[in-house]
2 protein chains.
Amino acid sequence: MNRVMIAGVGMTRFGKHMDATIRGLVGEALAEALSDAGASNEQVDSIFFGNAAAGLLTGQEMIPGQVALRDSGLMGKPIINVENACASASSAAHLAWLSVASGQSEVALAIGAEKMTNRDKSVPFKALISAMDLEQIKAETGSDDPLEAGSAPGRSGFMDIYAGKARKYMKEAGATQEDFARVAAKAHKFGSMNPKAQFQTPLSVEDILGSRAIIDPLTLAMCSPIGDGAAVLVFTSEDFATKHGCDAVTAETITLVSGLPGGPNCNTRASDKAYNAAGISPEDIDVVELHDAASPAELMYVEELGLCGKGEGIRMIREGEMELGGRVPVNTSGGLVAKGHPVGATGCAQIVELVDQLRGRCGARQVDGAKVALAQNGGGWIEDDTAVTTLSILTR
Amino acid sequence: MNRVMIAGVGMTRFGKHMDATIRGLVGEALAEALSDAGASNEQVDSIFFGNAAAGLLTGQEMIPGQVALRDSGLMGKPIINVENACASASSAAHLAWLSVASGQSEVALAIGAEKMTNRDKSVPFKALISAMDLEQIKAETGSDDPLEAGSAPGRSGFMDIYAGKARKYMKEAGATQEDFARVAAKAHKFGSMNPKAQFQTPLSVEDILGSRAIIDPLTLAMCSPIGDGAAVLVFTSEDFATKHGCDAVTAETITLVSGLPGGPNCNTRASDKAYNAAGISPEDIDVVELHDAASPAELMYVEELGLCGKGEGIRMIREGEMELGGRVPVNTSGGLVAKGHPVGATGCAQIVELVDQLRGRCGARQVDGAKVALAQNGGGWIEDDTAVTTLSILTR
């Protein structure tokens, strides 16, 4: 397998863009990424388009990538639409990485895009619940309406899952609601330093605890919002990056596993596999983006990814180890909670942040001397585990 | 790139299985394919799941593959959902092929599955129209209902496209409605020899001309039906196939391109690229499966694929050159018109037929001494071209 570089990145600001189209969002992120890499349309060999739910959100159930790219100048190239729920974009990145690693492409694009904002708020919630097994929900509840059966009005069914995990973690590890608010405060602080984030106002622990209750122990400011956006990664061969003088980073691995209900959890298995593939230890990692669809997940995930020992996530947040200057800054982009979570775009956006961290382009939120970065992106839910998890390790 | 084998295939009978589930259909095809390859679940390294429209057809918009496979014993492995309209399954096959070719997998599965039959017939038609650019349809018609805007009640919008192409071909090349009926009669005859086909009753040219008019010049028996089904391919390294004594064929290439509106058509560009990659000439090909979503397409496609000269498709069908014993038998499975066309399963099912032809397992419809096979699978529509086309070349 050949060495794979990421030579350019681009993304829209994440947020509620009611009248935006997927085509418009992708166009903006694509132009930024190609310009960043100094690559032309002609040089692109293949395109992997991550999108989770356009069928339910906009009606464009099939060929969303070709429709989004029809005026881009990229038609004619191989375009493959990839779906893996909230890990759709990182699954596209996995394939773009593989395409360059195998020598099939010199330049491969991973695109992630989602348009979730809708005048009818039940539309995005209904789409999100379809990242669970609907037959099972129907069998258990007898209801034909998965939204009604799998959740409650005004929230995604995933918040029920995250709340359940959070309550278990409180009981087992001694976490408090304040700890989760500390995580959210860190996210919103980083969001305030990121011009691409959906939320750019710092919030205190008290603000977060005082925001609307969603489901115990989650408050609104601990939950990732509905949003729209696109993010694009330009993967290239080492040769291409050198020849064109790109400011590139190395994608050591983009590893993908599916959930194993009843077995070790997705994060443990995916990270073990990725560390192995990259020859990297958790202690080597300088900066992390992880899938904080709700803030409590961050504490559990730093443990599952081996960034600290079991039960030590609480200490990590209390002692500032995940802040700038701490042992391993986490979600410097603002994470899903503050940067936003247009589901099919998230996996690429996490990598955009890490590439910029490794290139020293992150301004006020820059992690000094970052050389090794890790992204964890999860999608869907089956039985007692995430349906799919990707782990990306980047180095400079 | 390593040599890639297809060591096992499996498929359900295609047809209207009102109460079947995607999980049940996939389970049946998967068991057949793994048993055919003599491969165990444990030996599978990665899985590419092709499905076009479960979101609109069953509601399962996200992670259809993981949901279908949750009880299969394959959870934990990498699973990626792939969508490319009617070419979804062959796009999954392209990725499974690449995964083995690059050495990333020793055994990779391509799965195609679709459940289209619905008590409300507008549901599958509405899903099919989403393989076109819905924003364009809305801009042109002002209608929010793509089904109403893009088609007519009781047929898919694609039949309007195929009928338009057919009328143009009649004018330019001198084809008659009888020629299209001859193609359909060949399809239904082959369908009668294929126990996995949706339609197994031979129909005469007169039967076909006398069937219900859909849109001039298409009659019902010239159009691929709504249907359900699944098909599975087991891709392996040459080493694996040899070591396990598999009755395998070589997948020389599975090439994928997207449409280039205004440029040379998808079939010409995809087949040029595939012939080149495989080092094969059109004259070398012994048996073909092609995307006859409506019968007239077959005549145009044999020309576009270089299997005969321009305008010679008509002679090919009139002189029996696409029959058993003819120069190059086409759609011995019955094709989409008779075997059926559960859209997200079709691309893998075409390859199932060709693998069995190369292994001499096709009984009454066997092409004597077949050594080189070609499959062409198209998906979606943008402006004046198919949105995506795959070309597979297999040898024995």
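Residues numbered from 1 in each chain as written. Chains lettered and ligands numbered in written order. Predicted model: local features only at pLDDT ≥ 70, side-chain atom pairs only at ≥ 80, totals over all residues. Heavy atoms only, no water.

## What about the relation of the copies chain B and chain A?
- The two copies are related by a screw operation: chain B maps onto chain A through 180° of rotation and 0.0 Å of translation along the axis, at an RMSD of 0.0 Å. Interpreted geometrically, this transformation is the action of a two-fold axis. (Least-squares fit on C-alpha atoms with pLDDT ≥ 70 in both.)

## As for the state of the cysteines
Residue and element names in this part refer to chain A.
- Per the counting criterion, the structure on display carries zero disulfides over all chains.
- With no disulfide of its own, C266 lies 13 Å from the sulfur of C86, the closest cysteine sulfur.
- Taking relative accessible area as the criterion, C266 reaches 1% and is therefore assigned buried.
- There is no disulfide at C308, and the cysteine sulfur nearest it, in C266, is 19 Å away.
- For C308, a relative accessible area of 10% corresponds to the buried category. (Disulfide = S-S within 2.5 Å. Buried < 20%, exposed > 50% of the residue type's maximum accessible area, 1.4 Å probe, protein only.)

## Brief notes about the interface of chain B and chain A
- Between chain B and chain A, the residue contacts involve 58 residues of the former and 60 residues of the latter.
- Together, B:E61, B:M62 and B:R70 form the three largest contributors to the area buried by chain B at its contact with chain A, with a combined 16%.
- At the boundary of chain B with chain A, the tally comes to eight salt bridges.
- The salt bridge partner of A:R70 is B:E383, with a shortest N-O separation of 3.3 Å.
- In this assembly, chain B and chain A are joined by 38 residue pairs in polar contact (both at pLDDT 80 or more).
- The element that contributes the greatest number of residues to the side of chain B that touches chain A is strand β3 (residues 79–83) of chain B, accounting for five residues.
- Residues belonging to the side of chain B that touches chain A are distributed by class as follows: 32 nonpolar, 16 polar and ten charged.
- Relative to β3(B), strand β3 (residues 79–83) of chain A runs antiparallel, the two being bridged by three bridges. (Contact = heavy atoms within 4.5 Å. Buried area = accessible area lost by both parts, 1.4 Å probe. Salt bridge = Lys/Arg side-chain N within 4 Å of Asp/Glu carboxyl O. Polar contact = N/O pair within 3.5 Å; in protein donor to acceptor, adjacent residues only side chain to side chain. Helix = DSSP H or I, 4+ residues; strand = E, 2+ residues; numbered from the N terminus. Nonpolar A, V, L, I, M, F, W, Y, C, P; charged D, E, K, R; others polar. Pairing = 2+ DSSP bridges.)

## Comments concerning unusual backbone geometry
Residues and elements named next belong to chain A.
- Each neighbour pair has its own omega, and for D216 with P217 the value is 5°, a cis peptide bond.
- Here P217 lies in the loop between β5 (213–215) and β6 (218–219).
- A positive phi is found at A85, a non-glycine position, where the angle reads about 55°.
- Taking relative accessible area as the criterion, A85 reaches 0% and is therefore assigned buried.
- Phi is positive for E383, close to 60°, though the residue is something other than glycine.
- Position of E383 among the secondary structure elements: in the loop between β10 (372–382) and β11 (385–395).

## Regarding the domain arrangement of chain A
All names here are of chain A.
- Domain boundaries assigned for chain A yield domain 1 (4–119 + 228–251) and domain 2 (155–223 + 255–395).
- For domain 1 and domain 2, the distance between their C-alpha centroids amounts to 23 Å.
- At the interface, 42 residues of domain 1 touch 34 residues of domain 2.
- Surface buried jointly by domain 1 and domain 2 totals about 2,900 Å² across both partners, of which 65% is contributed by carbon and sulfur atoms. (Domains from an automatic or database assignment.)

## Considering the environment of B:V100
Residues and elements named next belong to chain B.
- Within the secondary structure layout, V100 lies in helix α4 (residues 88–101).
- The buried category is assigned to V100, whose relative accessible area is 1%.
- Ignoring anything within four residues of it in the chain, the contact list for V100 reads N2, V4, S105, E106, A108, F235, T236 and S237.

## Observations concerning the pairing of strand β4 (residues 107–115) of chain B
All names here are of chain B.
- Across the nine residues that make up β4, a large majority, nine, are buried.
- Along β4, one buried face is formed by V107, L109, I111, A113 and K115 and the opposite face, lined by A108, A110, G112 and E114, is buried too.
- Bridge count between strand β2 (residues 46–50) and β4: five bridges; the pairing is parallel. Looking across to β4, one finds that I47 is bridged to L109.
- Sheet topology places β4 next to strand β7 (residues 228–237); nine bridges connect them, and they run antiparallel. When the sheet's bridge partners are listed, L109 is paired in β7 with V234.

## Concerning the environment of B:A349
All names here are of chain B.
- One can find A349 in helix α16 (residues 346–358).
- On a C-alpha basis, the gap between A349 and K339 in space is 9.3 Å, while along the polypeptide they are ten residues apart.
- If near-sequence neighbours (up to four positions away) are discounted, A349 is found in contact with M11, F14, A231 and K339.

## Details of the pattern of salt bridges
- Tallying each qualifying case throughout the model produces 48 salt bridges over all chains.
- Across the pair A:R119 and A:D19 runs a salt bridge, and its minimum N-O distance is 3.4 Å. Taken together, the residues span a long stretch of sequence, with A:R119 in the loop between β4 (107–115) and α5 (122–129) and A:D19 in the loop between β1 (4–11) and α1 (22–37) at a distance of 100 residues.
- Using a relative accessible area of 65% as the deciding quantity, one classes A:D19 as exposed.
- With a shortest N-O distance of 2.6 Å, B:D133 and A:R23 are connected by a salt bridge. Note that B:D133 is positioned in the loop between α5 (122–129) and α6 (134–141) and A:R23 in helix α1, a pairing that runs across two chains.

## Topic: helix α4 (residues 88–101) of chain A
Residue and element names in this part refer to chain A.
- Relative to the 20 Å expected for 14 residues at 1.5 Å per residue, α4 spans 20 Å between its end C-alpha atoms, a close match to the ideal helical length.
- Taking burial as the measure, the 14 residues of α4 include 14 buried ones, the bulk of the element.
- After α4 finishes, the residue G103 shows a positive phi value of roughly 85°. (Expected span 1.5 Å × (residues − 1).)

## Notes on helix α13 (residues 296–304) of chain B
All names here are of chain B.
- In terms of burial, α13 is largely enclosed, as eight of its nine residues are buried.
- Among all positions of α13, only P296, A297, E298, L299, M300, Y301, V302 and E303 are buried.
- Where α13 is buried, its residues contact α8 (157–173), α9 (177–192), β6 (218–219), α12 (266–278), α14 (313–318) and β10 (372–382).
- Of the residues flanking the end of α13, it is G306, one or two places downstream, whose phi is positive at about 75°.

## Quick notes on the environment of A:V302
- Its location among the elements puts A:V302 in helix α13 (residues 296–304).
- With near-sequence residues (within four places) excluded, A:V302 lies in contact with A:L290, A:L307, A:C308, A:G313, A:M322 and A:V330.

## Concerning the packing of helix α8 (residues 157–173) of chain A against α13(A)
All names here are of chain A.
- At a closest axis distance of 9 Å, the pairing of α8 and α13 adopts a crossing angle of 65°. Note on packing geometry: the crossing formed by α8 with α13 is left-handed. Listed contacts from α13 to Y162, K165, A166 and Y169 of α8 are P296, A297, L299, M300, Y301 and E303.
- Across the contact of α8 with α13, the residue classes tally to eight nonpolar, no polar and two charged. (Axes fitted to C-alpha atoms, helices over the stretch in contact; angles between N-to-C directions. Left-handed = near helix turned anticlockwise from the far one by under 90°.)

## Focus on the packing of α4(B) against α16(B)
Residues and elements named next belong to chain B.
- As a packed pair, α4 and α16 sit with axes 5 Å apart at the nearest point and diverge in direction by 70°. Relative to α16, α4 is oriented roughly perpendicular. Residues A89, S90 and A93 of α4 pack against T346, G347, C348 and I351 of α16.
- Of the residues that constitute the contact of α4 with α16, the class distribution is four nonpolar, three polar and no charged. (Parallel < 35°, antiparallel > 145°, perpendicular 65-115°, else oblique.)

## Description of the pairing of β10(A)
Residue and element names in this part refer to chain A.
- Of all eleven residues in β10, eleven are buried; the element is thus mostly enclosed.
- Relative to β10, strand β9 (residues 287–289) is paired through three bridges, and the arrangement is parallel. If you follow V288 over to β10, its bridge partner there is L374.
- One ladder, built from ten bridges, connects β10 with β11; its direction is antiparallel.

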